[in-house]
Amino acid sequence: MWLLRVHKRLNKQLLIVGIFCLTCFGCGKEEQQINIYAASSLTEAVSVAVERYEEISIVEAKIVFAGSNHLAAQLRDGADADVFITADVDLVDGLGFESILEGFAYNSLVVVKPVAFIDKSFGPNDLTSDERLIAICSEGVPCGDATKLKFGIISADTYEMNVKAVLTRVASMEVDLGIVYETDRKNEPKVTAAWPQEITCPCVSYAAASSGKKGNDFNDFLTSDIAKEIFSSHGFSL
Amino acid sequence: MNRIPKTVVLFATIAILFLLSPLIGLLQRMPWSGLADLLGSDVVLDAFLLSLFVSFSAALVVFVFGIPIAWFLARSNFSFMKLLRAVVLLPMVLPPVVGGTALLFAFGRQGFLGKWLSDWFGLTLPFTTAGSVVAAVFVSMPFFVVAVESAFRSINEDLEKTAETLGASSPKIFLRITLPRIFPSIIAGLALSWARALGEFGATITFAGNMPGETQTLPLAIFLALETKPEAALALSLVMIATSLAILIPFRDQWLPSR
């Protein structure tokens, strides 16, 4: 009887220790996770870069892609990110990040048309004509501000909230012309340059803000040769 | 009047406080001092007028086509009626963005109907105010149909049959017997579907796009402003709340289905 009681107590203690260990294990794993918030125009490149980073380091990354403004709003409202990669460095203000890596990659804008419209010829004049259906980014979001800076006033038919939405409109042939990033043109086989264009600035310049060792280590990786090669192969200028 | 049980009052209070708290949060953050400037801007005025136009146009279309649908669903012995009703109500459960994409597949420039509209009549719905109305009708129609169908079902059909045997014409039966009985539900259904049309966002931005003065309704303007100019988003939200309250508060009890 006495033995049994001890046994019972021991069992209970073991169980508690067991649960404690499990929690520890959970904590330990948590330490290795890095939260990366990245602008949607970086979707393909950052996915590849993070995959490589996971191979050479011990961390496991969780990436959230959305428009830069949208991400900044989430961070303001308490979302937790170790790294915030934005297409507009001003958005980092007031978010409390420790360090900022500015201009590690650049993206130029290009006027595209659906590949299926290969026979239709367009020119810069079409951007100001009412004849064509045109989708561009809305003013206030990075791709929209850059569009205005580079192309001036355009008679668009829809002002999208992010560049991927513009890309979808062109790829699905709902519009004749759209202004997207050079990287989008390169990665989306359903769109093509509307006319021969030089890849020139004004551009969008990307900045990565980071906090903590995990975040800062990742930012160091962004300037490494491995990362540079990934970004340039996706069409970014460095 | 019966006394309401205490448990009912308790649960109702909790639920009402829950519904009220986001509204309080919104009002608490409202930039009252700069409100006049924000409200006077062209963006707000354009979005407000467009929202009124789109939501009332949608309500009109829903009214004209919704009554026949409700009538048919309530009275027909069509064998696939359950399936048909599910199809009519589908926009209620479909995520609006999916609805908008589906509308594009149908009425977009490359859609199977849109292609034909564009080739034959030179008509394109996306990126036009008409497109916004189409999106609003699509999402708000089921709310009207549900309300009016149940009213049709609740009518004692003997009344209509009696009128018929007494020699009343069918338009007369509808106007004198049926209509007065379904009228409260028509009004309630209109209010519901109008409110749904006013708040419509996902299908509109996907199908009609976002163009100030043409397709940028209040919810679209709010969403864009949330990312770029949060104070303006709050001011726009206030306009939306005020508009819906102004329309919905005057609703009198006797217009709602009787107790």
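The shown structure was predicted, so the numbers you read here are calculated from the model rather than taken from an experiment. (Residues numbered from 1 in each chain as written. Chains lettered and ligands numbered in written order. Predicted model: local features only at pLDDT ≥ 70, side-chain atom pairs only at ≥ 80, totals over all residues.)

1. With respect to the overall build of chain B
Moving on, step 1. Secondary structure summary: chain B contains twelve helices and zero strands in total.
Moving on, step 2. Based on the C-alpha atoms only, the size of chain B along its principal axes is roughly 65 × 65 × 30 Å.
Moving on, step 3. Looking at chain B as a whole, 32% of its 259 residues qualify as buried. (Helix = DSSP H or I, 4+ residues; strand = E, 2+ residues; numbered from the N terminus. Buried ≥ 20, exposed ≤ 12 C-beta atoms within 10 Å, placed from the backbone.)

2. Details of the interface of chain B and chain A
Moving on, step 1. Counting residues at the interface gives 15 residues for chain B and 16 residues for chain A.
Moving on, step 2. For the side of chain B that touches chain A, the element with the highest residue contribution is helix α11 (residues 218-228) of chain B, accounting for five residues. (Contact = placed C-beta atoms within 7 Å.)

3. Points about helix α2 (residues 43-56) of chain A
Residue and element names in this part refer to chain A.
Moving on, step 1. Compared with the 20 Å implied by 1.5 Å per residue over 14 residues, the 20 Å span of α2 between its first and last C-alpha is a close match.
Moving on, step 2. Along α2, the residues that are buried comprise Ala45, Val46, Ala49, Val50 and Tyr53. The buried residues of α2 all sit within an arc of 125° when viewed along its axis, so they share a single face. Exposed positions of α2 whose direction lies more than 90 degrees from the buried face are Glu51 and Glu55.
Moving on, step 3. Tucked into the core, α2 has its buried residues touching β1 (33-39), β2 (60-66), β3 (83-86), α6 (182-187), α7 (212-222) and α8 (225-233). (Expected span 1.5 Å × (residues − 1). Arc of directions from axis to C-beta.)

4. Re the confidence of the model for chain B
Moving on, step 1. In the predicted model, chain B carries a mean pLDDT of 90, and 96% of its residues have values of at least 70.
Moving on, step 2. Across the interface, the model reports ipTM at 0.80; the global pTM reads 0.81. (pLDDT = per-residue confidence, 0-100.)

5. A look at the domain arrangement of chain B
Moving on, step 1. Here chain B is described as being made up of domain 1 (1-30) and domain 2 (34-255).
Moving on, step 2. Each of domain 1 of chain B and domain 2 of chain B was reduced to a C-alpha centroid, and the two centroids are 28 Å apart. (Domains from an automatic or database assignment.)

6. Some details on the sheet that holds β2(A)
Residues and elements named next belong to chain A.
Moving on, step 1. Strand order in the open sheet formed by five strands is β2-β1-β3-β10-β4, and the pairing between neighbours is mixed. Bordering the open sheet on either side are β2 and β4 (99-107), each of which pairs with just one other strand. Pairwise comparison of adjacent strand axes, ignoring direction, gives a mean angle of 20° for this sheet.
Moving on, step 2. As defined by bridge partners, β3 adjoins strand β10 (residues 204-210) across four bridges and the pair is classed as antiparallel. The residue of β10 that forms the bridge with Val83 is Ser210. (Pairing = 2+ DSSP bridges. Axes fitted to C-alpha atoms, helices over the stretch in contact; angles between N-to-C directions.)

7. Examining the pairing of β1(A)
Residues and elements named next belong to chain A.
Moving on, step 1. Of all seven residues making up β1, five are buried, and the element is well covered by its neighbours.
Moving on, step 2. Direction of pairing for β1 relative to β2: parallel, over a ladder of seven bridges. Residue pairing in the sheet places Asn35 in a bridge with Lys62 of β2.
Moving on, step 3. Inspection of the sheet shows β1 paired to β3 by three bridges, in the parallel sense. Its bridge partner lying in β3, Tyr37 is registered against Phe84.

8. Remarks on the domain arrangement of chain A
Residue and element names in this part refer to chain A.
Moving on, step 1. Under the domain assignment used here, chain A contains domain 1 (32-106 + 204-233) and domain 2 (109-193).
Moving on, step 2. Taking the mean C-alpha position of each, domain 1 and domain 2 sit 26 Å from one another.
Moving on, step 3. Between domain 1 and domain 2, the residue contacts involve ten residues of the former and twelve residues of the latter.
Moving on, step 4. For the side of domain 1 that touches domain 2, the secondary structure elements donating two or more residues are α2 and α3 (68-76).
Moving on, step 5. Split into classes, the residues belonging to the side of domain 1 that touches domain 2 amount to three nonpolar, five polar and two charged. (Nonpolar A, V, L, I, M, F, W, Y, C, P; charged D, E, K, R; others polar.)

9. Some details on the environment of Trp194(B)
Residue and element names in this part refer to chain B.
Moving on, step 1. Mapped onto the elements of the fold, Trp194 is located in helix α9 (residues 170-199).
Moving on, step 2. As for Trp194 and Ser244, which are separated by 50 residues in sequence, their C-alpha atoms are 9.3 Å apart.
Moving on, step 3. Apart from the residues within four sequence positions on either side, Trp194 is in contact with Ser55 and Ala59.

10. Digging into the sheet that holds strand β6 (residues 134-137) of chain A
All names here are of chain A.
Moving on, step 1. Taken together, the five strands give an open sheet; going across it, the order is β7-β6-β8-β5-β9, and neighbouring strands pair in mixed fashion. What marks the edges here is a single partner per strand, and that holds for β7 (158-160) and β9 (191-193). Taking the axes of each pair of neighbouring strands and ignoring which way they run, one obtains an average angle of 40° across the sheet.
Moving on, step 2. The pairing of β6 with strand β8 (residues 177-181) spans two bridges and is parallel. The partner of Ala135 across the bridge, within β8, is Gly178.
Moving on, step 3. The sheet contacts of helix α4 (residues 142-151) involve β5 (109-114), β6, β7 and β8, and relative to β6 the element is tilted by about 115°.
Moving on, step 4. Where helix α5 (residues 163-171) meets the sheet, it contacts β5, β6, β7, β8 and β9, and its direction lies at approximately 140° from that of β8.

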